[in-house]
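If you want the building blocks of each chain, they are given just below.
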Amino acid sequence: MRKIFALLFLACAFTAHSQKISIESNQSEVFKDDKKHTELLYSEGDGQGGFVTVRVYFGGFMKMPKGYYIEHYDKNLKLLKETEIERKDNDFQGLMIDRDMVYIMETAYDKDAEILKFNVLESTLSDLQFSPKTLFSLPEADVKRYFGVGIGIFFIDNGWSQMDRGAFGEVTFSKNKNFFAVNFDIKDKESQTQLLYVFDKNLDQVFQKEFKRDIKDKFFIYENVDVDDTTGDIFLLGKVFENESRKTKKDGKANYHYELHKINESGETQASFKTDANFVGSLFTLRSENSISCAGFYSEKNDYRYKGVCRFNLDPTSLNITQKSFIPFSEEFINDKYGKVKDKELRNLTLRSKHLTPNGDIVLNAEEFYITQHTMMSPNGGMNTKITYHFDDIVTVKISEEGKLVWARNINKRQATSGAQTEYLSFASTIVNDDTYLFINCSDKIRTLSNDRLEFKEGKSLFAIKIDADGKYSYTSILGDKDSEVPFFVSQGTNTTLDGREMVFVGRKKSKKQFLKINI
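Just so you know, these numbers come straight off a predicted model, no measurement behind them.

### Remarks on the overall build of the protein chain
Secondary structure summary: the protein chain contains two helices and 40 strands in total. Its C-alpha atoms give the protein chain a radius of gyration of 24 Å, near enough to 24 Å, the size a compact globule of 520 residues would have. Seen through its C-alpha atoms, the protein chain measures out along the principal axes to roughly 80 × 60 × 60 Å. Looking at the protein chain as a whole, 54% of its 520 residues qualify as buried. The contacts in the protein chain between residues at least 6 apart in sequence include a share of 51% that link residues at least 24 apart. With the model as given, the accessible surface of the protein chain reaches about 24,100 Å², and the carbon-plus-sulfur share is 46%.

Below, the structure is given as structure tokens:
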């Protein structure tokens, strides 16, 4: 009798989480490219229910970027037009569609003139025949050159300690793409120096400023920029180390502070703030209607542990701090993770995405990502080393505009690989109104843990997890492993609409490829 009751309890728990979620999916025809390895960089809606995608393709032994595929699909995922652009000392930085025109931002190196150009490639939606328009150029000697290549979520670089990652022609759009900022890191070992340009959606320059901080470059860690959608003002966030040392801790306290710089045509305003007795490894900015917010994870021990989340709200005009909070993870969250309450800080968290809800709440989505290495003796007496990449639990947290914890959930997940098929692992996310959606590949068999907990195991079936306004979560299967000819790269999922209701994924199995569109 007890056994029957236990089975009924587990069945009820499974059914409570597994619910019908309103999601529609549509797949393109299966196709083959000349190049096997591609990565989805951008996608954006065309205003008619279709979308444009930009993929980079790789070649050679090291799988280096060799060119780009640009494709236009209608609302039924029928291919309307496609073109290919070879990569020759140029890198794509962003995509924008406006009034039946497609714009691709790129940095391009002119070897003969020894200059770096920032171009916009322009084309009508109907033909995808692009022509370049140079917005500005810089002497190549002034800009820090940076070797780096990303494949999936992994990045290989030359380890330049002085380079601000992403600041080599980085493009940041405002919320509705009324403005975009271009950011270059300038060579200057004695000062942190960045050159910033802002353009409106008509490609007219709004202003250009040199950001210069009187501190050695290595002691200033660039975090990100945010662009105001109404004015084009830039908010630049940086982490500044103190005592001329890159050590994160000194005398038991954080050896750094954060600085937020508001930059526009009229000048610059700065705010500086400490993290009290806590450690905050990294922050990011999000612009709401009433404030500019800096948020992230914090610890009471060091930069690499995580006790909870923090949020700083600043007045967007004066940059005065109007609210700050450090909020530990809830008992519900700890119970999600461990099945019981523990006084334990998390480790190995990597922020994957951040979202701002219509009412000013912030949702952080992170993942337990870590690498293990095992060396063993081979049968012939040699030594073999196996490196395994782990993509484990999803940590998702919502913070209210007032700095209160709305909810925190831990989604138990186990995924690992020794180097192959990393594109299928991890997750994608979006926000629709007050609901959070996560998309993962996993097994159809959801494992039941103690205390009404579930664990998603590795597999190739595509699932959606929904977390509602109250923090209650449910899940549903979108495509079973046998429902599609290819599995999809969930970590490369991109939004095509501003309301978050549509996402596009690309999938591959050997040489076969396919697009998937999801509508919520």
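### Here's the deal with the pattern of salt bridges
Evaluated as defined, the whole model comprises 30 salt bridges. For Lys 111, the salt bridge is made with Asp 89, and the minimal N-O distance between the two is 3.5 Å. Of this pair, Lys 111 sits in the loop between strand E7 (101–110) and strand E8 (115–124) while Asp 89 sits in the loop between strand E5 (79–86) and strand E6 (90–98), and the two are 22 residues apart along the sequence. We classify Asp 89 as partly exposed; its relative accessible area is 36%. The shortest N-O distance in the salt bridge between Arg 447 and Glu 455 comes to 3.1 Å. The exposure class assigned to Arg 447 is partly exposed, which follows from its relative accessible area of 43%. Three or more residues joined by partner-sharing salt bridges are found here, namely Lys 337, Glu 368, Asp 393, Arg 414, Arg 447, Glu 455 and Lys 457.

### Section: the sheet that holds strand E30 (residues 383–399)
Judged by pairing direction, the sheet is mixed, and its six strands sit side by side in the order E28-E29-E30-E31-E35-E34 without closing on themselves. Either end of the sheet is taken by a strand with one partner, and the two such strands are strand E28 (349–356) and strand E34 (447–449). Across the sheet, the mean angle from the axis of one strand to that of its neighbour is 25 degrees, orientation sign disregarded.

### Remarks on the sheet that holds E7
By way of backbone hydrogen bonds, the strands of a sheet pair with one another, either parallel or antiparallel. Sheet architecture is open: four strands sit in the order E6-E7-E8-E9, paired in antiparallel fashion. The sheet terminates laterally at E6 and strand E9 (131–139), the two strands that pair on one side only. The sheet shows a mean angle of 20 degrees between the axes of neighbouring strands, direction not considered. Here E8 pairs with E9 via eight bridges, running antiparallel. Paired with Glu 122 across the strands is Ser 131, a residue of E9.

### Side note on the confidence of the model for the protein chain
Taken over all residues, the pLDDT of the protein chain has a mean of 90, while the share at 70 or more is 92%. Mean pLDDT across the elements of the protein chain ranges from a minimum in helix H1 (residues 2–17), with 42, to a maximum in strand E20 (residues 256–264), with 98. Note that residues 1–16 has pLDDT below 50 and, in this model, six contacts with residues that lie over four places away or in other chains. Contacts of residues 147–164 to residues separated by more than four positions or lying in other chains number 51 contacts, the stretch itself having pLDDT below 50.

### Remarks on the side chain of Asn 183
Within the secondary structure, Asn 183 is located in strand E13 (residues 179–185). Setting aside its immediate chain neighbours within four residues, Asn 183 contacts Ala 167, Phe 168, Gly 169, Glu 170, Gln 194, Leu 195, Leu 196, Tyr 222 and Val 225.

### Quick notes on the pairing of E7
Of all 10 residues in E7, eight are buried; the element is thus mostly enclosed. As paired elements, E6 and E7 share eight bridges and run antiparallel to each other. What sits directly across from Leu 95, in E7, is Ile 104. The antiparallel hairpin formed by E6 and E7 contains two residues in its connecting segment, where Arg 99 sits at a positive phi of about 50 degrees.

### What to know about the state of the cysteines
A complete count under the given rule lists zero disulfides for this structure. In this model Cys 310 remains outside any disulfide bridge; the closest cysteine sulfur is found in Cys 294, 9.2 Å from its own.

### Side note on the pairing of strand E12 (residues 168–173)
Consecutive side chains of a regular strand alternate in pointing toward one face of the sheet and then the other. Burial runs high along E12: five of the six residues are buried. One ladder, built from five bridges, connects E12 with E13; its direction is antiparallel. Counterpart to Glu 170 in the pairing with E13 is Asn 183. Between the end of E12 and the start of E13, which pair antiparallel, lie five residues, with Lys 177 showing a positive phi angle near 60 degrees.

What counts, and at which threshold
Residues numbered from 1 in each chain as written. Predicted model: local features only at pLDDT ≥ 70, side-chain atom pairs only at ≥ 80, totals over all residues. Heavy atoms only, no water. Helix = DSSP H or I, 4+ residues; strand = E, 2+ residues; numbered from the N terminus. Rg over C-alpha atoms; globule rule 2.2 N^0.38 Å. Buried < 20%, exposed > 50% of the residue type's maximum accessible area, 1.4 Å probe, protein only. Contact = heavy atoms within 4.5 Å. Areas by Shrake-Rupley, 256 points an atom, 1.4 Å probe, with all protein chains shown as cover. Salt bridge = Lys/Arg side-chain N within 4 Å of Asp/Glu carboxyl O. Pairing = 2+ DSSP bridges. Axes fitted to C-alpha atoms, helices over the stretch in contact; angles between N-to-C directions. pLDDT = per-residue confidence, 0-100. Disulfide = S-S within 2.5 Å.

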